[in-house]
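Analysis of the macromolecular model
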Amino acid sequence: MTGYKMPKGFLWGGAVAAHQLEGAWNEDGKGVSVADVMTAGSVDKPREITHGVKEGKNYPNHSAIDFYHHYKEDIKLMAEMGFKCFRTSIAWTRIFPNGDDKEPNEAGLKFYDDLFAECHKYGIEPVITLAHFEMPYHLVEKYGGFTNRKVIDFYVRFAETCFKRYKDSVKYWMTFNEIDNQADWAGKFQTMTNSGYFVDEQENPEATMFQAAHYELVASAIAVIKGHQINPNFKIGCMINFTPFYPATSDPEDVLLAQRVMQFRSWFSDVHCWGEYPKAVEAYIERHGYRKDITEEDRQVLKDGTVDYVGFSYYSSNNVSADTMTIDDDKIDIPAVTIANKYLKQTDWNWTIDPKGLRWALNFLTDRYHKPLFIVENGMGAYDKVEADGSIHDPYRIDYLREHIIAMERAVEFDGVDLMGYTPWGCIDLVSAGTGQMSKRYGFIYVDKDDDGKGTLKRSRKDSFYWYKNVIASNGEDL
Ligand code: P53
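Note that this is a predicted model, so its numbers are computed, not measured. (Residues numbered from 1 in each chain as written. Predicted model: local features only at pLDDT ≥ 70, side-chain atom pairs only at ≥ 80, totals over all residues. Heavy atoms only, no water.)

So, the overall build of the chain
This is how it is decided: Numbering of helices and strands runs from the N terminus, with a helix taken as a DSSP run of H or I at least four residues long and a strand as a DSSP run of E at least two residues long. Every radius of gyration here is taken over C-alpha atoms, with the globule rule written as 2.2 Å times N^0.38, N being the number of residues. Think of it in three bands: residues with accessible area under 20% of the maximum for their type are buried, residues over 50% are exposed, and the middle band is partly exposed, with areas taken using a 1.4 Å probe on protein chains only. What makes two residues a contact is simply this: any of their non-hydrogen atoms within 4.5 Å. Working convention for charge: Lys and Arg count positive, Asp and Glu count negative, and His plus the chain ends are omitted. Every charge is mapped to an atom, namely NZ of Lys, CZ of Arg, CG of Asp or CD of Glu.
Of regular secondary structure, the chain possesses 15 helices and 13 strands. Scaling as 2.2 N^0.38, a compact globule of 479 residues should have a C-alpha radius of gyration of about 23 Å, and the chain matches this with 21 Å. Projected onto its principal axes, the C-alpha coordinates of the chain cover approximately 60 × 55 × 45 Å. Counting the 479 residues in the chain, one finds 62% classified as buried. For the chain, contacts bridging at least 24 residues in sequence account for 75% of all contacts bridging at least 6. Counting 54 positive and 72 negative side-chain charges, the chain places the averaged centre of each group 3 Å from the other.

Concerning the nonpolar core
For soluble globular proteins, nonpolar side chains are generally found buried alongside one another. Where we set the bar: In these notes, a set of buried Ala, Val, Leu, Ile, Met, Phe, Trp, Tyr and Cys residues joined through side-chain atoms within 4.5 Å is what counts as a nonpolar core.
Ranked by size, the top nonpolar core spans 150 residues in total, and within it Y155, W173, F312 and M408 carry the most contacts. Beyond its immediate stretch of four places on either side in the chain, W173 contacts I90, I128, L130, C162, F163, Y166, F234, K235, I236, G237 and Y309. C85, M174, Y309 and M420 belong to the second largest nonpolar core, which has 10 residues in total.

Focus: the site of the ligand
Going by this rule: Near, as used in this document, describes a residue that has one of its heavy atoms within 4 Å of the molecule or strand being considered. Polar contact is the term for a pair of N or O atoms within 3.5 Å; when the atoms are in protein, one must be able to donate a hydrogen and the other to accept it, and sequence-neighboring residues count only if both atoms are side-chain atoms. In these tables, accessible area is a Shrake-Rupley quantity obtained with a 1.4 Å probe, and a residue counts as shielded only by the protein chains included in the view. Lys, Arg, Asp and Glu make up the charged group, whereas Ala, Val, Leu, Ile, Met, Phe, Trp, Tyr, Cys and Pro make up the nonpolar group; the residues left over, Gly among them, are polar.
By nearness alone, 16 residues border the ligand, and Q20, E377, A433, K440 and Y442 come closest of all. S432 places a side-chain nitrogen or oxygen 3.1 Å from an oxygen atom of the ligand. Residue K440 places a side-chain N or O atom 2.7 Å away from an oxygen atom belonging to the ligand. Contact with the protein chains hides 90% of the accessible area of the ligand, taken as 480 Å² for the molecule alone. Split by residue class, the shell around the ligand holds 7 nonpolar, 6 polar and 3 charged.

Points about the packing of aromatic side chains
Keep this limit in mind: Put simply, two rings from Phe, Tyr or Trp (the six-membered ring, in Trp's case) pair if the centres are within 6.5 Å, and we call them stacked under 30 degrees between planes, edge-to-face over 60, tilted for the rest. Here, over-ring charges are defined by two tests on the NZ atom of lysine or the CZ atom of arginine: distance to the ring centre within 6 Å, and angle to the ring normal within 35 degrees.
Inspection of the entire model under this criterion finds 42 aromatic pairs. Between Y309 and F374, the aromatic rings sit 6.1 Å apart at their centres with planes inclined by 45°, giving tilted as the arrangement. Here the residue Y309 occupies a position in strand β7 (residues 309-314), and F374 occupies one in strand β10 (residues 373-378), the gap between them amounting to 65 residues. Taken together through their ring pairs, the aromatic side chains of F67, Y68, Y71, F86, F111, Y112, F116 and Y166 make up a single cluster. We note R94 situated over the ring of F111; from NZ or CZ to the ring centre the distance is 5.7 Å.

Concerning helix α6 (residues 150-165)
Three- or four-residue spacings in an α-helix give side chains the same orientation, since the helix completes a turn every 3.6 residues. So the rule is basically this: Helices are assigned an expected span. That span is 1.5 Å times one less than the residue count.
Its 16 residues give α6 an end-to-end C-alpha distance of 23 Å, which sits within 8% of 22 Å, the value for a rise of 1.5 Å per residue. Listing the buried residues of α6 in full gives V151, I152, F154, Y155, V156, F158, A159, T161, C162 and F163.

Observations regarding the UniProt feature "active site" (unreviewed entry) in the chain
Let me state the cut-off plainly: UniProt positions are given in the numbering used here, feature names are shortened, and annotations may be inferred rather than shown by experiment.
According to UniProt, the positions carrying the feature "active site" (unreviewed entry) are E377. Judged by relative accessible area, E377 falls into the buried class, the value being 4%. Not counting chain neighbours up to four residues away, the residues in contact with E377 comprise A15, R87, H132, N177, E178, M239, F312, S313, Y314, Y315, T423 and W425.

Describing the environment of K458
Structurally, the position occupied by K458 is in the loop between β12 (445-447) and β13 (459-461). Judged by its relative accessible area of 54%, K458 is exposed. With 237 residues separating them along the chain, K458 and A221 place their C-alpha atoms 41 Å apart. Those residues within four positions of K458 in sequence are excluded, and the remaining contacts are Y446, V447 and D448.

Written out as structure tokens, the structure reads:
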């Protein structure tokens, strides 16, 4: 017992995203999404992003864990753990298969009616991300994704359709998942999943990113404005991948560089929360002549469409060193300055484990935004072993989550952080976004499927299932 409890009404639950678990990629009128053109990779082999679906390639999201046909069984298991909420996304291509369709696909809308009804049956509140790495691939091919201002309208049509349809069944929304990933503007995966373009086809990838992200922020703000008109009780948040970047030493060059990196990861949520660009980023964009298209109307929309809360994922922290690049180089290349932190251990996928960083994150975001926070992802990918009797012992997962929950409880108890809820990532095993593997597991619920797509899809409870059930039942006291 820690002696701490979370506030009454705290939203304990778990998080997933449509493309990583639903499968049924071409059923009931669903179109091809950017996740459907990504092959399986591994810890040292990046996923290939193909121009359309190609014969003979392994696309793990196509069938995933077939939640589309198993959702009743899966929601029942989440209810057994005592979930108060369940975070998932609405696959954009189930609703608008091509993205530019005039009318939505009724079968897709109906699926989410049924899913949300199933959640409410158990008193589970859906928490919904609108765009979680799931842009219709047609928008990539025909319009260049968010490099094109027109795509704002397609996104808004999708958002508005969902807000209207689910206005009485969903209260908590997020507009774009981990919009700040594209701060790594040279990343193939980051730019495709966030903005829907092939980075190696861009003349100046950094400039492209600033323009595309601007259009997304405008699209998000319009969605927030419209959402509040449709139902004033909606809580609409942003969603960022929050990673503290520490200075590698107390050398002021490292300290300045770490500050710079934090500015260039935080500006996405700054615009979401403040309705304006922060000074250092605005100055950088101006100096380099990036993001040429920003109108007075855009600036007003950003002001009017600020978010109600800050949703964020927290997995790890990073460390930056000015050995190879200082702020006077006037370049933003975050991967190039990131080095290992000798004080911290890493997972099998080289993600640094830093529970104290979560307390730092909660304080940083509270100081910066003065808004309620929601930890909508946290967890550690790990290999699991099924014992002869079918049990799965995962003390490493329990240890990771326990330490992070302690950090979270201290931030709430001692630092006054206003926290809405906690939804660990991949509460049921699913396809990894970064690698496309099934074997990188996060779940409390095990799913029998391997990296080659073989398995019975049978669900079973890991040790962590029973542990998390107790955590929720004790409102965070029994860890
Ligand atoms: P996987 C990179 C860094 C931090 C979070 O990631 C990230 C990524 C993208 O890989 O994504 C979020 O599956 C994302 C989820 C994703 C989860 O973290 O690569 O919102 O879709 O599955 C974990 O281990």
